[in-house]
Amino acid sequence: MKHFVTLLLLLYAIPCSLFAQTEEDIRKAMEEYDYEKVIAWVTPECGDSLLLMAKARALKAMNRYPEAAGVLSALAAKDSTDTRVMIELAECYKWLGNARRAADYYQKAVNLQPENNYFRLQFIRSLLSAEDYEEARTACHGWLERDTLSATGYKYLGQAYEGLKDPASAFFSYNIAYRRDSLDAWTVARIAGLFNDNRQYADAIDVTERYRLTDTVSIDVNRQNAKAYCMLKDYAKAVERYEALKRQGDRSFLTLYYLGVSHYGDNWFYGAYDNLKEAYDKNPSDVNVLYYLAKSAVRTSWKQEGVEYMEEALNLTVPSDSVMARLYDGLADCYQRGLDSKREIEALKKLYSYTRKNSLLYTIATRYEWLKDEKNAILYYEKYMATVPENERYALDENGNPAEDRITYYQHAWKKIRKWKEEGFFREGIPVKAVPAEKKDTLTSSLTN
């Protein structure tokens, strides 16, 4: 019996590590970055939180974030007050691209340790990444209730206001952050970006050049600085700044585009072509790139290529008839559902100009009828009738005789016109103009009069 109890105790100890691997073995494997051993040794049945945490970190290190999140979620279910688990889960979801879930776990960590600024900062950043700007603004105000002296809260508050499309409040927040720390490159770049967006290029140059007195290598600041020079048509200075950005390894689309435009403005068309061609490779559907690339190409050795780029720009800019028809069809539907018959009629006329479908003329006539505009209703019913082929005008049975149980839209239009013109004669004494003869006018319309 004694031997049986001893054996039972040993069996309970085994699940935490495979084949009697000790905690020391797992710690050593972690230190040696041998994560696959840790993952294999710590089984799902293990109840030791420290070993399971080691396994979760090993899974994260091997980019197996969904599995790591599973292990950590199990730990969180056992103890929802373990801050380490909350932070590890938040980081898992951040790497998985789920910023909203990451923010939820950072918030739980903040609730557990309200004084921890790292947790609070990561919570705000995750909200901004998730584009939850309303909650980010609230979180920033929560930060500022605890810290009104540093620039941090105001920096992120400005970003939240930018996301909320409130540039005035964003600038106000950034300005406070700038007064607290004028050497923060991120804040300077944001302020300069707002100046550039508002076409205050001289102000953008002023704030970025002041920053460059102490730091000339900030890519974000230099991008805004170079763009301001380009917009002010100081192309030589813009080229100088953008070429410096390229030497730093910046080959972003906007850097290549504005450098190409600056070379073009400075009359070096080969330089313009080279940079715009790179920008085109990154975004071949940008009309502005195509325009300047075409104009640069025809001034160098690629004249036919330039013509093709400009034609491509034109094709992208001027919608095809099929696209316009689809848009006007959608517009007419919106007006019809909004009970705006007048504007629906105008959209239908535009749609007809692109499709030439005669059924649209009939629809336009009915809309005029709804508006009690008999003159235009008759006009468009007549236009419709004039476009209907002879063999489609009358409803016929299988023997080619007039059908007794149905009529065509052509016949319906004919009846409408005849009725209005006869009423006009008796009402106003106006002679009835000839209307097309109907094969059989005793038919009963199955359409709504």
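Residues numbered from 1 in each chain as written. Predicted model: local features only at pLDDT ≥ 70, side-chain atom pairs only at ≥ 80, totals over all residues. Heavy atoms only, no water.

A.B. asks: Lay out the pattern of salt bridges with the relevant residues and their values.
C.D. replies: One pass over the full model with this rule turns up 31 salt bridges. In this structure, Glu 91 engages Lys 60 in a salt bridge whose closest nitrogen and oxygen atoms are separated by 3.1 Å. In this pair, Glu 91 sits in helix α6 (residues 83–95) while Lys 60 sits in helix α4 (residues 49–61), placing the two residues 31 residues apart along the sequence. Overall, the relative accessible area of 13% leaves Lys 60 in the buried class. Across the pair Arg 241 and Glu 240 runs a salt bridge whose closest N-O atoms are separated by 3.2 Å. By relative accessible area, which is 41% here, Glu 240 ends up partly exposed. A network of salt bridges, in which partner residues are shared, links Glu 209, Arg 212, Lys 237, Glu 240 and Arg 241. (Salt bridge = Lys/Arg side-chain N within 4 Å of Asp/Glu carboxyl O. Helix = DSSP H or I, 4+ residues; strand = E, 2+ residues; numbered from the N terminus. Buried < 20%, exposed > 50% of the residue type's maximum accessible area, 1.4 Å probe, protein only.)

A.B. asks: Give a description of the confidence of the model for the chain that names residues and reports values.
C.D. replies: On average, the chain scores 87 in pLDDT, and the residues at 70 or more come to 89%. Low pLDDT, under 50, characterises residues 1–20; the stretch is placed with 13 contacts to residues that sit more than four places away or in other chains. Note on residues 439–449: pLDDT under 50 across the span, and 26 contacts to partners over four residues away in sequence or across chains. (pLDDT = per-residue confidence, 0-100. Contact = heavy atoms within 4.5 Å.)

A.B. asks: How would you summarise the nonpolar core if you had to cite specific residues and measurements?
C.D. replies: Within the largest apolar cluster, 98 residues are counted, with the highest numbers of intra-cluster contacts made by Leu 72 and Leu 89. In contact with Leu 89, other than residues within four places in its own chain, are Ala 69, Leu 72, Ser 73, Ala 76 and Tyr 105. By size, the runner-up hydrophobic cluster in this structure holds 29 residues, among which are Tyr 328, Tyr 352, Ile 364 and Ile 378. (Core = buried A, V, L, I, M, F, W, Y, C linked by side-chain atoms within 4.5 Å.)

A.B. asks: Quick rundown of α4? Include the residues and the values.
C.D. replies: In this model α4 runs 18 Å from its N-terminal to its C-terminal C-alpha over 13 residues, within 8% of the 18 Å that 1.5 Å per residue would give. Buried within α4 are the following residues: Leu 51, Leu 52, Met 53, Ala 54, Lys 55, Ala 56, Ala 58, Leu 59 and Lys 60. Against the buried residues of α4 lie α2 (23–31), α3 (35–41), α5 (65–78) and α6. Following α4 by one or two positions, Asn 63 has its phi on the positive side, about 65°. (Expected span 1.5 Å × (residues − 1).)

A.B. asks: Could you give an account of the packing of aromatic side chains, with specific residues and numbers?
C.D. replies: Applying the stated criterion across every chain yields a total of 23 aromatic pairs. Between Tyr 362 and Tyr 384, the ring centres sit 5.2 Å apart and the planes meet at 70°, which makes this aromatic pair edge-to-face. With Tyr 362 in helix α22 (residues 358–370) and Tyr 384 in helix α23 (residues 374–387), the pair connects residues that are 22 residues apart, well separated along the chain. By relative accessible area, which is 10% here, Tyr 362 ends up buried. Following the ring pairs from residue to residue traces out a cluster consisting of Tyr 362, Tyr 381, Tyr 384, Tyr 409 and Trp 420. Residue placement shows Arg 101 over the ring face of Tyr 93; its charged tip is 4.4 Å from the ring centre. Directly above the aromatic system of Phe 269 lies the positively charged group of Arg 299, at a separation of 5.7 Å from the ring centroid. (Phe/Tyr/Trp six-rings, centres within 6.5 Å; stacked < 30°, edge-to-face > 60°. Lys NZ or Arg CZ within 6 Å of the ring centre and 35° of its normal.)

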